[in-house]
Amino acid sequence: MLFNSTEFLFAFLPVLLIVFFQLGRVSQRLAAAWLALGSLFFYAWWNPAYVVLLLGSIVFNYLAGYALARGSDIGSPRRKRLLVMGVTGDLVLLGYFKYANFFVDTVNTALGTSYGVINIVLPLGISFFTFTQIAFLVDAARGKAKEFNFIHYGLFVTYFPHLIAGPVLHHKEMMPQFGQPSTYRFNYTFLTVGLTMFALGLFKKVVLADGVAPYATPIFAAAAQGDPVGLLQAWGGALAYTLQLYFDFSGYSDMAIGLSYMIGVRLPLNFNSPYKATSITEFWRRWHMTLSRFLRDYLYISLGGNRQGPTRRYVNLMATMLLGGLWHGAGWTFVIWGGLHGLALVLHQAWRGLRKRLGHDLTRSTALGHVASVGLTFLVVVLGWVFFRAASFSAAIALVHGMFGLNGVSLPDVIGLRLGNLGTWLSNHGVAMTPGGGRNFAMTFVWIGALLPVVFLAPNTQQIMHHYQPALVQIETSAPTHIAWQINLRWAMAMALVLGCGLLSLSRPSEFLYFQF
């Protein structure tokens, strides 16, 4: 079931909320159980068979976490064995469903064997509920997990706004909220703010992300088929996908926060204008923020972080990003994408270290320096997204060749004709005029030209809604904007228009891109 589907919006969500608040007037325990059951139904809509897998994972991790928290002193050998057992069980489950076929394919390619590929359907959201529960086990082993109400724990894992595509939750953030009486009482402000967040997210997804998507897909398909892609077409496809992924994930994040806030529960902020980042390090503080937090707290720091000198720090950064890339997908293109980001992080940290030794003030920058930093970071991110999206390494390299102009420059002939003398001049200077494709070419750059200013200049949802803070914020976000949402008629009319545009686009519901991870 998709957030942007009619059955979710007009059947599942109203019934879930009405019954939840009615039960909350009688018993918080019953209301929490209803919300957990509703979340399981939401998950079962995709494939009922995997509900058993999800429930088994919940019971296993709950028992392991309970044993860890109630066991001997922190750091004892028994606790370490229990933690290793629990985390290993989670990773084996994730590894089998997500990486078994990748492993078999890699072995066949490397050794020239022909082992059969296993017919495995990847359970939806397995990466997210697995990482959420690994974090719970580690927190339990460290003595940070305190509450062990099984209904609340089941709700913590299955909670439908986050279950399919994040954010990755922390036990200490969510369990106290499920225990608050205010969560189970209907609140008009919570509903209104949550509905506004949802409307903004729905618009981003179905109008903006799905609107620009058709102009990315043909370019990546052409590269996958081995067709040479010209400079302008390659950049058009890469930028179209960069914007599609941005508004798709931003939209999902807003919708998840809005759905949860209707109930009065704050999810952690997971998206904060990442393309405005001035460095690749800042990009990862703004993009998929809870995954970045997980990788930092439970992998990078566990590997030693920056405590053992710069060389070891760079090795740890590369290892963390390579595994982060592999988390996103069972394919070498994802590993390469993670490696590119790891290399960019290493170069950025080395550059900062050099500037410190030269006595530069890293806290200050000129306006030109800021623009240049944002532009360079954005270009690195766009290049990385090519490998993230491409069907294969060869397809990614083919598109990169086009982006660097190695396949020449071409324009649709209908565009060239409309340029008049300029078109003739371009043709005489090596720009090829190709038949057909004029409309798609033009619309690609119309979409890019319309959406890039929104990305770089417009306030984000968190800034617009800063008076109500519908998300848990762990770091400093962008400064509040003068465009601040309020409960009044003007904003109600504006949001009704935004929601209406989103609902009118539901005739073509599509999955969120992060559903595949």
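The structure under discussion appears in the preceding block.
So, here is what we can say about the structure in this document. All values derive from a computational prediction rather than experimental measurement.

### Notes on the pattern of salt bridges
Right, on to step 1. According to the stated counting rule, one finds 6 salt bridges in the structure shown.
Right, on to step 2. Two residues, Lys 205 and Asp 210, come together in a salt bridge whose shortest N-O distance is 3.1 Å.
Right, on to step 3. Taking relative accessible area as the criterion, Asp 210 reaches 10% and is therefore assigned buried.

### Regarding the packing of helix H10 (residues 217-224) against helix H17 (residues 393-403)
Right, on to step 1. Put simply, H10 and H17 touch, their axes get as near as 8 Å, and they point 110 degrees apart. Judged by the angle between their axes, H10 and H17 are roughly perpendicular. For the element pair H10 and H17, the recorded crossing hand is right-handed. Side by side, H10 and H17 meet where Ile 219, Phe 220, Ala 223 and Ala 224 of the first sit next to Ala 395, Ala 398 and Leu 399 of the second.
Right, on to step 2. Considered class by class, the residues forming the contact of H10 with H17 number 7 nonpolar, no polar and no charged.

### Focus on empty space enclosed by the protein
Right, on to step 1. In total, this model carries 1 cavity of 30 Å³ or more according to the counting rule given.
Right, on to step 2. Space inside the largest cavity adds up to approximately 90 Å³.
Right, on to step 3. Along its surface, the largest cavity is lined by Met 197, Lys 204, Ser 250, Ser 253, Asp 254, Ile 257, Leu 269, Phe 271, Asn 460, Thr 461 and Gln 462.
Right, on to step 4. Every element with two or more residues in the lining of the largest cavity is listed here: helix H9 (188-212), helix H11 (231-263) and helix H21 (461-464).
Right, on to step 5. Looking at the lining of the largest cavity element by element, the count peaks at 4 residues for H11.

### Re the packing of helix H14 (residues 310-328) against helix H15 (residues 332-357)
Right, on to step 1. Where H14 meets H15, the closest approach of the two axes is 7 Å, and the angle between their N-to-C directions is 150 degrees. Accordingly, the angle class assigned to the pair H14 and H15 is roughly antiparallel. As H14 runs across H15, the sense of the crossing is right-handed. Contacts between H14 and H15 involve Arg 313, Tyr 314, Leu 317, Met 318, Met 321, Leu 322, Gly 324, Gly 325, Leu 326 and His 328 on the former and, on the latter, Phe 334, Val 335, Trp 337, Gly 338, Gly 339, His 341, Gly 342, Leu 343, Leu 345, Val 346, Gln 349 and Ala 350.

### Considerations on unusual backbone geometry
Negative phi characterises most residues that are not glycine, and trans characterises most peptide bonds.
Right, on to step 1. Of the consecutive residues Gly 166 and Pro 167, the connecting peptide bond is found in the cis state with omega at 10 degrees.
Right, on to step 2. Here Pro 167 is to be found in the loop between helix H7 (160-163) and helix H8 (171-178).
Right, on to step 3. Even without glycine at this site, His 288 takes up a positive phi of about 45 degrees.
Right, on to step 4. Along the chain, the position of His 288 falls in the loop between helix H12 (280-286) and helix H13 (289-300).

So, how was this worked out
- Residues numbered from 1 in each chain as written.
- Predicted model: local features only at pLDDT ≥ 70, side-chain atom pairs only at ≥ 80, totals over all residues.
- Heavy atoms only, no water.
- Salt bridge = Lys/Arg side-chain N within 4 Å of Asp/Glu carboxyl O.
- Buried < 20%, exposed > 50% of the residue type's maximum accessible area, 1.4 Å probe, protein only.
- Axes fitted to C-alpha atoms, helices over the stretch in contact; angles between N-to-C directions.
- Helix = DSSP H or I, 4+ residues; strand = E, 2+ residues; numbered from the N terminus.
- Parallel < 35°, antiparallel > 145°, perpendicular 65-115°, else oblique.
- Left-handed = near helix turned anticlockwise from the far one by under 90°.
- Contact = heavy atoms within 4.5 Å.
- Nonpolar A, V, L, I, M, F, W, Y, C, P; charged D, E, K, R; others polar.
- 1 Å grid on protein atoms, 1.4 Å probe; cavity = no way out; pocket = protein on both sides within 12 Å on 5 of 7 lines; lining within 4 Å.
- Points joined across faces, edges and corners; volume = space filled by probe spheres on them.

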